Amino acid sequence: MQLNYFIRCLLLVVMCFAIKVQANNERFEISAQPLTIAINKTTYPYMFLNDKGQADGLMPDLWTLWAERQGVEIKFITTDWLSTLSRVKSGEIDIHGGMTKTVERSKEFSLTPSFFYHDFYFYTHRDFTNLTEISQLSPYIIGSVIGSSHAAIILENYPHLKLRLYANRYALYQAALDNEIMVYTGVEKPSKLFSEYFELNKQYPPYKRISFYQGEYVAATSLNNKLLKDFIVEGFDKVTAAEKSLIEKKWLGREKNSKTLLLSFLTQAPPYMAVSPTGQPQGLFIDLWRLWAKESGIEIEFIAQSPSQELAMLQDGDVDIHIGYSAENFDNQLQIASQIYGVDAGVFVSTRIDNVYSLKDLQGKKIGILAGTTYENTLINMYPNLKVQVYQTTNELLHQAELGNIDAMVSAQEYLNARLIQSNLQSSFYQLKNVTFPTPVYSLVKKGNDKLVELIKEGFANIPIEQLIRLERNWLIDKHNGYFVRSAEKVSLSNSEQSWLEQHQKISVGLVKNWMPMEFVNAKGQVTGINPDVLKLISDRSGLAFEFTFFDSWSDLYQGLIEQKIDMLASVSVTQERKKQVIFTQSYWSMPWVILHQRQLGSQLTLNSFHGKELAVIKGYYLSSTIRKAHPLISLKLVDNHNAGLLAVQQGKVDGFISNIASASELMKRESLSVLDMSVLEELQRDSSHFAIRPDWLELQQIINKTLLTISENEKQKIYDRWFGVNIETGFNKDVVMRVAAQIGVLILIVIIAIIMWNRRLYGEIKTRKLLEEKMKHMATHDELTGLANRVLLKDRINTAISFHQRQQLQIAVLFIDLDGFKTINDTHGHDVGDELLVKVANKLKSCVRQSDTVVRFGGDEFVLLLTGLHKKSEAAYIADKVLKLMQQPFELSVERVNIGCSIGIAMYPDDGVTDNDLLKIADTLMYRVKANGKNHYVFSSETYAPK
């Protein structure tokens with residue numbers, strides 16, 4: 001009995017051992033047919049269909065290497081995502097090329113160990129300034145792809161989020177661009193093969209994404225094909241880490257599991273690269289790369305390098321990028337990734353040497369420069385008589401300068417200025433003006449890392465130039481002449497525009513001979529004025545060359561354009577009739593219309609004040625037809641030019657002359673001030689200046705429009721200040737006069753006293769004219785009746801506020817206010833009472849807001865409040881409530897007590913718009929919505945209307 005039991009146990013052990021041996025010897029049998037691998041068409045850069053119709057990407061490269069190691073043939077099957085899953089699951093295709101591991105997929109497939117981990121993100125629209133947490137996504141519909149691991153993980157981990165599923169990745173991207181969704185799911189980057197990739201990346205930048213999952217990336221086979229899975233694992237064990245790293249760098253620019261790019265920088269190159277007293281990297285280039293990292297969604301770490309070992313770590317592969325290299329030569333193992341900046345090398349001359357105005361004045365002198373500079377050959381070839389001495393380091397250069405062994409140095413201006421201050425040598429050298437050598441600054445990477453090069457270029461291309469300029473100004477002494485400032489001023493022309501420019505060497509511009517300050521010829525025979533100043537900016541930035549043709553009158557000038565005697569003219573207002581004859585650029589200048597009239601007629605006059613009277617208008621001005629239609633009781637006298645109009649007023653032939661404020665103020669400066677006054681015509685649309693161009697030159701219109709976009713408000717203000725300034729010679733110097741008087745005697749003294757009295761009178765004239773200048777400036781930006789800001793100043797304030805609030809992540813509110821009941825009072829009691837009420841309304845509105853806010857009379861009975869520095873919408877609601885209560889209180893007027901109300905539309909930055917036009921348009925629309933729903937309330941864009 002016991003023997004039988006022992007024999008049975010022995011037989012059982014032998015059988016188990018045999019089964020185990022058989023299992024260990026069981027191996028996947030290689031078929032004569034190639035193994036099929038499913039590849040999704042759109043999962044860039046992991047796997048995708050390239051423009052040649054072939055499977056491409058990181059995983060196909062890995063699978064090709066795997067096939068070599070295992071000695072098998074493979075065939076890629078490219079299809080859509082759902083098809084890759086179903087066909088591998090059924091066994092129709094042998095292997096899935098790559099997927100993210102999920103709980104469900106572990107049940108449906110036989111999965112390999114992970115190749116690497118990768119992150120999933122919610123990509124949010126750039127306008128969502130404060131969207132940083134997953135919990136904040138609840139109100140939004142989130143786009144994802146049907147059957148993707150993204151959707152499965154969100155349903156499992158974030159069931160409260162609302163999903164909208166799309167057939168494939170490209171359909172998802174298009175939905176995001178069409179604003180069907182404002183949040184979508186993705187990996188590190190969207191597919192570069194998407195036709196509108198750059199626009200998508202701009203609207204959904206990497207720095208606006210929110211990480212929601214880190215997944216394992218695996219291969220898969222069907223559940224009943226475990227041997228094939230083991231065969232896959234065996235093959236990938238034969239792929240070395242170095243081989244895998246090379247493929248990952250090819251497609252990702254770095255190793256997949258490396259989260260951080262290492263960047264080397266010099267420690268002694270202020271203000272570009274340096275180390276703070278606490279050991280932290282700092283400088284313009286440091287901040288520039290931090291901005292790049294934010295834009296690219298990549299983590300970076302800075303590694304300090306000494307000048308003698310500047311490129312050593314990059315050559316050895318210990319860092320990924322050198323952030324700023326300006327020398328001409330470098331190791332052939334390295335390559336330029338991108339030009340990130342440009343510096344100007346200046347000439348610094350020892351104060352021991354006088355009368356040096358150019359490099360020619362330094363003939364025979366010793367000039368120190370650093371080794372490897374891009375301008376060394378230029379300096380030697382252009383100035384062979386200079387004794388150029390090359391030094392390896394800046395420390396050595398400055399040491400020789402301190403000893404007096406060199407007479408001048410050439411190096412980057414900002415850098416050498418900083419180093420001279422550090423060495424206490426700033427008083428020993430002065431810089432030559434207008435002598436510079438442009439020097440490009442490059443980022444370098446290891447040769448062959450083309451994907452990283454692409455990543456660097458793309459990241460910098462996505463950074464708005466305004467951000468780059470602000471960053472640059474934080475570090476440079478000369479804040480208005482930096483590389484990014486100059487780059488912004490240059491206009492990028494298309495190939496067709498460049499070709500047109502080459503074929504048209506000179507553009508003929510028509511000008512009126514004596515239209516001060518718009519355009520005229522000065523005493524030196526130079527063409528000058530507002531329009532020539534704008535044309536010079538256009539010429540400098542676009543390459544257009546202008547020549548001038550002069551006409552006696554504006555009507556002759558315009559006729560010259562019609563007959564194509566000239567190619568274009570400036571300061572033209574757009575009318576429907578003119579659109580049939582010429583083409584127009586966008587507006588580049590705007591100013592109010594005014595009436596010059598006798599002071600005895602009163603002040604703050606309107607066109608109604610001239611009913612039954614006669615006004616002078618220049619021939620050809622569109623105002624003639626506008627005034628005739630709206631004010632038939634006014635007689636018009638057409639004059640050839642501004643001088644003729646002024647003369648008609650002075651001689652009493654007309655009661656007033658209509659002109660824009662610039663021309664009118666110039667006329668008043670030149671003529672007697674005692675009898676003339678000026679009234680701004682608020683009822684007329686502002687005089688908006690455009691360039692008019694011959695209709696067959698559309699290319700010229702496009703080039704000028706591009707260039708006008710580069711002219712900043714600050715530059716326009718400088719032109720404005722120049723031509724509204726008062727420059728009057730004040731006569732003789734009193735001290736000189738008195739010395740001469742003492743020597744010559746009493747008779748001459750009488751003459752001198754007369755001259756001094758004349759000077760005193762002239763000083764009084766200057767004071768009066770300066771007051772006039774201030775009045776002109778104030779009139780151009782303020783409402784004459786209430787003293788409030790006008791719409792011109794409002795737009796400037798909004799734009800200034802936007803640039804500040806972008807940085808601070810604060811909100812702005814624009815409250816568009818229309819008075820309810822004003823028209824009845826104005827019609828019943830007349831315009832004087834209406835004006836009285838408007839002034840009282842203005843005063844009450846000013847009492848509602850802080851000093852930092854802006855109250856604007858937008859026109860008629862419309863007002864705007866600009867509220868800045870807000871943290872939430874309720875702060876704007878509080879002010880709106882306050883305004884409603886104040887407007888509902890009775891107003892004591894000279895005729896009686898009256899009651900009015902107001903309707904308010906409120907637009908918020910950035911939720912409702914990111915430009916002045918967007919915010920004003922939305923606020924105006926909301927105000928009319930309130931009026932249509934009972935008046936005397938306020939509403940935000942995000943609200944369904946409800947009485948307050």
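Our subject is the structure listed above.
Here the structure is a predicted model, which means the values were calculated and not measured.

1. Some details on the overall build of the protein chain
Next, step 1: A tally of regular secondary structure across the protein chain gives 33 helices and 44 strands.
Next, step 2: When the 948 residues of the protein chain are sorted by exposure, 50% land in the buried category.
Next, step 3: Considering only residue pairs separated by 6 or more positions, the protein chain has 71% of its internal contacts joining residues 24 or more positions apart.
Next, step 4: If you sum the accessible surface of the protein chain, you get close to 45,700 Å²; carbon and sulfur atoms cover 51% of it.

2. Digging into helix α31 (residues 831-848)
Next, step 1: Taking 1.5 Å of rise per residue, 18 residues should cover 26 Å, and α31 covers 26 Å from first to last C-alpha, within 8% of that figure.
Next, step 2: Every buried residue of α31 is listed here: Val833, Gly834, Leu837, Leu838, Val841, Ala842, Lys844, Leu845 and Cys848.

3. Some points on the packing of aromatic side chains
Next, step 1: Per the stated rule, a full pass over the model turns up 40 aromatic pairs.
Next, step 2: Between the aromatic rings of Tyr170 and Phe194, the centroid separation amounts to 5.9 Å while the plane-to-plane angle is 35 degrees, which identifies the pairing as tilted. With Tyr170 in helix α6 (residues 169-177) and Phe194 in the loop between β11 (183-186) and α7 (197-203), this pair connects stretches of sequence that are 24 residues apart.
Next, step 3: Residue classification places Tyr170 among the partly exposed residues on the basis of a relative accessible area of 26%.
Next, step 4: Seen from their ring centres, Tyr341 and Tyr483 are 5.0 Å apart, and the 55 degrees between their planes marks the pair as tilted. Of this pair, Tyr341 sits in strand β19 (residues 334-350) while Tyr483 sits in helix α17 (residues 483-489); the two residues are 142 residues apart in sequence, bridging distant segments of the chain.

4. Some thoughts on a nonpolar patch on the surface
Next, step 1: There is a patch of nonpolar side chains on the surface, built from Leu82, Ile146 and Leu165 and spanning about 230 Å² of accessible area.
Next, step 2: Mapped onto the elements, Ile146 comes out in the loop between β9 (141-145) and α5 (149-157).
Next, step 3: Looking at Ile146, the relative accessible area reads 33%, which means it is partly exposed.

5. A word on the sheet that holds strand β38 (residues 811-820)
Next, step 1: What the five strands build is an open sheet, ordered β39-β40-β38-β43-β44; its pairing is mixed. Looking at strand neighbours, the two that pair on one side only are β39 (854-859) and β44 (938-940), the edges of this open sheet. Across the sheet, the mean angle from the axis of one strand to that of its neighbour is 20 degrees, orientation sign disregarded.
Next, step 2: With seven bridges joining them, β38 and strand β40 (residues 862-870) adopt antiparallel strand pairing.

6. Brief notes about the nonpolar core
Next, step 1: Grouped together as the largest cluster of nonpolar side chains are 81 residues, with contacts concentrated most on Leu544, Met568, Ile658 and Phe691.
Next, step 2: It is helix α19 (residues 530-542) that contributes the most residues to this core, five residues altogether.
Next, step 3: Excluding residues within four positions of it along the chain, Phe691 makes contact with Val534, Leu535, Ile538, Met568, Leu569, Ala570, Ile583, Phe584, Thr585, Tyr588, Ile704 and Leu708.
Next, step 4: Listed in part, the 54 residues of the second largest apolar core include Met59, Trp81, Phe120 and Phe236.

7. Re the environment of Leu62
Next, step 1: Tracing the sequence through the fold places Leu62 in helix α2 (residues 58-70).
Next, step 2: Judged by its relative accessible area of 2%, Leu62 falls in the buried class.
Next, step 3: Residues in contact with Leu62, not counting those within four places in the same chain, are Phe236, Lys244 and Ile247.

8. Focus on the sheet that holds strand β27 (residues 527-528)
Next, step 1: Across the sheet, three strands lie side by side as β25-β26-β27; this open sheet has antiparallel pairing. Because the sheet does not close on itself, it has two edges, and the strands there are β25 (514-515) and β27.
Next, step 2: Summarising the sheet, β25 and strand β26 (residues 519-521) pair through two bridges and their orientation is antiparallel. Within β26, the residue paired with Asn514 across the bridge is Phe520.

9. Details of a negative patch on the surface
Next, step 1: Together, Asp178, Glu180, Glu196 and Glu199 make up a negatively charged patch on the protein surface.
Next, step 2: With respect to the helices, strands and loops of the structure, Asp178 is situated in the loop between α6 and β11.

10. Overview of helix α14 (residues 413-422)
Next, step 1: The buried fraction of α14 amounts to seven of the ten residues, a majority that puts the element mostly inside the structure.
Next, step 2: Listed as buried for α14 are Gln413, Glu414, Tyr415, Leu416, Ala418, Arg419 and Leu420.
Next, step 3: Summarising the contacts, the buried residues of α14 are in contact with β14 (268-269), β19, α13 (394-403), β22 (408-412) and β23 (429-446).
Next, step 4: After α14 finishes, the residue Asn424 shows a positive phi value of roughly 60 degrees.

11. Some remarks on the pattern of salt bridges
Next, step 1: In this structure the tally under the stated criterion is 28 salt bridges.
Next, step 2: One salt bridge in this structure joins Glu234 and Lys238, with 3.8 Å as the shortest N-O distance.
Next, step 3: Judged by its relative accessible area of 27%, Glu234 falls in the partly exposed class.
Next, step 4: On the basis of relative accessibility, which here comes to 40%, the residue Lys238 falls in the partly exposed class.
Next, step 5: If you follow the salt bridges from partner to partner, you end up with Lys189, Lys192, Lys451, Glu454 and Glu458 in one network.

12. Comments concerning the environment of Ser508
Next, step 1: Positionally, Ser508 belongs in strand β24 (residues 507-512).
Next, step 2: Here the alpha-carbon distance between Ser508 and Lys565, two residues 57 residues apart in the chain, equals 8.4 Å.
Next, step 3: Not counting the four nearest positions on each side in its chain, Ser508 is found in contact with Glu547, Thr549, Lys565, Ile566, Asp567 and Met568.
Next, step 4: Engagement of the side chain of Ser508 in a polar contact is seen with the side chain of Thr549, the distance being 3.4 Å.

13. Focus on the side chain of Thr100
Next, step 1: Residue placement: Thr100 occurs in strand β6 (residues 95-100).
Next, step 2: Look at Thr100 and you get buried, because its relative accessible area is 4%.
Next, step 3: Beyond its immediate sequence surroundings of up to four residues, Thr100 is in contact with Arg105, His118, Phe120, Ser149, Tyr213, Gly215, Glu216 and Tyr217.

14. Some words on the pairing of strand β21 (residues 387-391)
Next, step 1: Inspection of the sheet shows strand β20 (residues 366-370) paired to β21 by five bridges, in the parallel sense. Bridge assignment links Leu370 to a residue of β21, and that residue is Tyr391.
Next, step 2: In terms of handedness, the path from β20 via helix α12 (residues 376-382) over to β21 forms a crossover that is right-handed.

15. Observations concerning the packing of helix α10 (residues 284-296) against helix α15 (residues 450-461)
Next, step 1: Two elements in contact, α10 and α15, have axes whose closest approach is 9 Å; the angle formed by their N-to-C orientations is 95 degrees. In terms of orientation, α10 lies roughly perpendicular with respect to α15. For the pair α10 and α15, the contacting residues are Leu288, Trp289, Trp292, Glu295 and Ser296 in the first and Leu455, Ile456, Gly459 and Phe460 in the second.

16. Concerning unusual backbone geometry
Next, step 1: Residue Pro271 is reached from Pro270 by a cis peptide bond, and omega for that bond is 0 degrees.
Next, step 2: Here Pro271 shows up in the loop between β14 and β15 (273-275).
Next, step 3: Going from Met516 to Pro517, the amide bond is cis rather than trans, its omega being 0 degrees.
Next, step 4: Of note, Pro517 is situated in the loop between β25 and β26.
Next, step 5: Its identity as a non-glycine residue notwithstanding, Asn424 has a phi of 60 degrees, on the positive side.

Calculation criteria
- Residues numbered from 1 in each chain as written.
- Predicted model: local features only at pLDDT ≥ 70, side-chain atom pairs only at ≥ 80, totals over all residues.
- Heavy atoms only, no water.
- Helix = DSSP H or I, 4+ residues; strand = E, 2+ residues; numbered from the N terminus.
- Buried < 20%, exposed > 50% of the residue type's maximum accessible area, 1.4 Å probe, protein only.
- Contact = heavy atoms within 4.5 Å.
- Areas by Shrake-Rupley, 256 points an atom, 1.4 Å probe, with all protein chains shown as cover.
- Expected span 1.5 Å × (residues − 1).
- Phe/Tyr/Trp six-rings, centres within 6.5 Å; stacked < 30°, edge-to-face > 60°.
- Patch = residues over 30% accessible without salt bridge, like charges linked within 9 Å, V, L, I, M, F, W, Y side chains within 5 Å.
- Salt bridge = Lys/Arg side-chain N within 4 Å of Asp/Glu carboxyl O.
- Pairing = 2+ DSSP bridges.
- Axes fitted to C-alpha atoms, helices over the stretch in contact; angles between N-to-C directions.
- Core = buried A, V, L, I, M, F, W, Y, C linked by side-chain atoms within 4.5 Å.
- Lys, Arg positive; Asp, Glu negative; His and termini not counted.
- Charge placed at Lys NZ, Arg CZ, Asp CG, Glu CD.
- Polar contact = N/O pair within 3.5 Å; in protein donor to acceptor, adjacent residues only side chain to side chain.
- Right-handed = clockwise from strand over helix to strand, strands pointing away.
- Parallel < 35°, antiparallel > 145°, perpendicular 65-115°, else oblique.

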